[in-house]
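Chain and residue survey
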Amino acid sequence: MTQSQTDLRNGPDVNGLFGAFGGRYVAETLMPLILDLAREYEAAKIDPAFNEELAYFQRDYVGRPSPLYFAERLTEFCGGAKIYLKREELNHTGAHKINNCIGQILLARRMGKKRIIAETGAGMHGVATATVAARFGLQCVIYMGTTDIERQQANVFRMKLLGAEVIPVVAGTGTLKDAMNEALRDWVTNVDSTFYLIGTVAGPHPYPAMVRDFQAVIGKETRDQLQAQEGRLPDSLVACIGGGSNAMGLFHPFLDDTSVEIIGVEAAGHGIETGKHAASLNGGVPGVLHGNRTFLLQDDDGQIIDAHSISAGLDYPGIGPEHAWLHDIGRVQYTSVTDDEALDAFHKCCRLEGIIPALESAHALAEVFKRAPTLPKDHLMVINLSGRGDKDMQTVMHHMEQSQQEKH
Amino acid sequence: MSRLHTRFAQLKEQNRAALVTFVTAGDPGYDTSLAILKGLPAAGADVIELGMPFTDPMADGPAIQLANIRALNARQNLVKTLQMVSEFRQDNNDTPLVLMGYFNPIHKYGVPKFIADAKEAGVDGLIVVDMPPEHNGELCDPAQAAGIDFIRLTTPTTDDVRLPTVLNGSSGFVYYVSVAGVTGAGAATLEHVEEAVTRLRRHTDLPISIGFGIRTPEQAAAIARLADGVVVGSALIDHIANAKNDQQAIDGVLSLCAALSEGVRNARK
């Protein structure tokens, strides 16, 4: 393929739309805040002082750049493509989430906000938010579904250690979407004091674009690092997708490079055909939720269906609107892997590379195990290892015990 | 003349405010909900807001969240909600009925079909919480073209700069959400409401209804002295939540409605 330049990186338009997706579908109480946030963000983005401070915290606090690591043993095992891991799990707090949190907390401070709220699924965004709130001395309230609290207790404790208040959300299935509803209710109630630090590339404009911009450091570094190590662009990129922030961060700087094949991996849970999954693009249809038009898991009446994934971070019935658009225009391929496939990849990564990946990232790895063996040895494949698996010990242990019992 | 326009004009002549009641369609089940709906006008409701259940009511407090869950558990859906309006219209042709909810079920139903079916059923207006004027082309404009009013929420955060944007394309009445928060939250002070009404009057001739946090006949009467309409929802719904059986739910809602109505009717005497 040629290196023809297109303009896929210019979105969204002034109304926050990526094609037919995105927008600002929020209650009127929030509209003035969202318009204000968009103005503040546009100003900050081009302010050299803001960018210098952001770069400083990315380097000395988060620990960037994260390494681009040649995974020699994974490559040998697969026997095909040359596999590189973008080591986002080495960031402070153990995942890519902090990239966005540092950006938004600097913006919150610039706007004079004193109170930070956030939703969290796996707890990684909650931990990253609690971390930056502690660093800047701001009050922090985290909404987390009761199901997620149960399966991510270590992260709940971490948030509390960092001084955050963790509010359990019992509504719905007690997962990420319910936490997001409750955070929106808090925001609508505390409009003057509060900054809502959304953790993924979803929600009303400007969040999808803003979170993407803060995460795009992943792709920009990857580009430079691979150039230094291999002297060229990657042939393919692979990342897991719940809301889609780690994927968008890796993908965005490469969208106009038509030679780069881009693959997003959704969580198929027990299998898309079972209905128990979190694959909004592969198993959903367009709709409007949480401030944006995007692909959603929903029934014939437009009621939202609860997502299912072994990975709490992917357990969301929607997806960022820019992904919905990239799916629509066919620039990015969106595939899916099941809980079992992700677990298998999780174990392989532990044994082959001595890296315990987050279950979220294990979904991307599972796709690599399917894809890499079929590709030539000069094919350069970059996988976003978006988080570390320490938080998932309980879930994996539980699952191993269950499969032991099933064997007996 | 739309039913909303006619009703507010009549009440203005009588020098009293409208009692606007909110219940969720299908809560706690279709038949009971329909009995409540049919009983509301006789119990003194001047305008009826009927909630379209949704799994993720982001702007609602616990009372209406639970009402949504009860209705959905009883298999309420948008088709049945429109059917409920049709059944209501069989013996009521003058009480304005406004559907209130979130956009996704309408989006899934299909906007053109929804507007046609809502008109056919006898719906007079729509309040769609997550549909700001920035997205007027998707629902507000086609609804109004079909003769269905589109009622906007204005809030304490809607400043003078934004108000014209919000009011542009509003019809029927203006719903002032008196506190920044979710439904069922604490009430605003009367001073705040009075100021807000004065401010809104500078921008619009539409009737102004005040909602959020109004629970008692006394509160309703106080608001009725200041505004053209008083909206009560969560307090009515609490009678459904606390009822031991369906008859109690019906009686509880309708007796509170009657008491609120008396408060509103006597407010300016």
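Residues numbered from 1 in each chain as written. Chains lettered and ligands numbered in written order. Predicted model: local features only at pLDDT ≥ 70, side-chain atom pairs only at ≥ 80, totals over all residues. Heavy atoms only, no water.

Another point: the environment of Gly287 of chain A. Structurally, the position occupied by Gly287 of chain A is in strand E11 (residues 285–289). Taking the C-alpha atoms as reference points, Gly287 of chain A and Lys276 of chain A, eleven residues apart in sequence, are found 19 Å from one another. Apart from the residues lying within four places of it in its own chain, the contact partners of Gly287 of chain A are Asn292, Arg293, Thr294, Leu296 and Gln298 of chain A together with Asn104 and His107 of chain B. (Helix = DSSP H or I, 4+ residues; strand = E, 2+ residues; numbered from the N terminus. Contact = heavy atoms within 4.5 Å.)

Here we take up the nonpolar core. One broad rule of soluble globular proteins: the nonpolar side chains tend to lie buried together. Core analysis: the largest hydrophobic core is formed by 76 residues, its most contacted members being Ile102, Leu107, Trp187 and Tyr196 of chain A together with Tyr175 of chain B. Structurally, this core is a two-domain feature, drawing no fewer than three residues from each of domain 1 (18–60 + 97–206) and domain 2 (64–94 + 210–403) of chain A. Not counting residues within four places of it along the chain, the set of residues in contact with Ile102 of chain A comprises Leu54, Phe57, Tyr61, Val62, Val132 and Phe136 of chain A. Ranked by size, the runner-up nonpolar core spans 70 residues in total, among them Val288 of chain A together with Met84, Leu99 and Val264 of chain B. (Core = buried A, V, L, I, M, F, W, Y, C linked by side-chain atoms within 4.5 Å. Buried < 20%, exposed > 50% of the residue type's maximum accessible area, 1.4 Å probe, protein only. Domains from an automatic or database assignment.)

As recorded in UniProt, the sites labelled "modified residue: N6-(pyridoxal phosphate)lysine" (unreviewed entry) are Lys97 of chain A. Discounting chain neighbours no more than four positions away, the residues touching Lys97 of chain A are Met124, His125, Ala128, Gly199, Thr200, Gln215 and Ser245 of chain A. (UniProt positions renumbered as here; feature names shortened; annotations may be inferred.)

Take the sheet that holds strand E13 (residues 333–338) of chain A next. Residues and elements named next belong to chain A. Read from one edge of the open sheet, six strands run E3-E4-E14-E9-E10-E13, paired in mixed fashion. Edge strands, defined here as strands with exactly one partner in the open sheet, are strand E3 (68–70) and E13. Geometrically, the sheet is characterised by an average inter-axis angle of 30° between neighbouring strands, direction not taken into account. Taken strand by strand, helix H14 (residues 339–353) contacts E3, strand E10 (261–269) and E13, and its axis lies near 85° from that of E13. (Pairing = 2+ DSSP bridges. Axes fitted to C-alpha atoms, helices over the stretch in contact; angles between N-to-C directions.)

Let us now look at the pairing of strand E3 (residues 97–101) of chain B. Every regular strand shows the same layout, with side chains that alternate between the two sheet faces. All names here are of chain B. Here E3 lies mainly inside the structure; five of its five residues are buried. Residues Leu97, Leu99 and Gly101 line one face of E3 and the alternating positions Val98 and Met100 line the opposite face, and both faces are buried. Bridge count for strand E2 (residues 47–51) against E3 is four bridges, and the pairing is parallel. Bridging across to E3, Glu49 finds its partner in Val98.

In this section: the pairing of strand E9 (residues 229–232) of chain B. Residue and element names in this part refer to chain B. Residue alternation in E9 divides its side chains into two sets, Gly229 and Val231 and Val230 and Val232, and both sets are buried. The sheet contact formed by strand E1 (residues 18–24) and E9 spans four bridges and is parallel. Bridge pairing links Ala18 to Gly229 in E9. The parallel pair strand E8 (residues 208–211) and E9, bridged by helix H10 (residues 217–224), forms a crossover whose chirality is right-handed. (Right-handed = clockwise from strand over helix to strand, strands pointing away.)

Time to look at the sheet that holds strand E12 (residues 291–296) of chain A. Backbone-to-backbone hydrogen bonds pair the strands of a sheet. The strands run either parallel or antiparallel. Residues and elements named next belong to chain A. In space, the four strands of this open sheet follow the order E1-E2-E12-E11, with antiparallel pairing throughout. Bordering the open sheet on either side are strand E1 (17–18) and E11, each of which pairs with just one other strand. Across two bridges, E1 lies against strand E2 (residues 21–25) in antiparallel orientation. The partner of Leu17 across the bridge, within E2, is Gly22.

Taking 1.5 Å of rise per residue, twelve residues should cover 16 Å, and helix H3 (residues 62–73) of chain B covers 16 Å from first to last C-alpha, within 8% of that figure. Turning to H3 of chain B, its buried residues number three or more, namely Ile64, Gln65, Ala67, Asn68 and Ala71 of chain B. When H3 of chain B is viewed along its axis, its buried side chains cluster within an angular range of 160° and face the same direction. Among the exposed residues of H3 of chain B, those oriented more than 90 degrees off its buried face are Pro62 and Asn73 of chain B. Where the residues of H3 of chain B are buried, they touch helix H8 (176–189) of chain A together with E1 and helix H11 (234–241) of chain B. One or two positions beyond H3 of chain B, positive phi appears at Arg75 of chain B, with a value near 65°. (Expected span 1.5 Å × (residues − 1). Arc of directions from axis to C-beta.)

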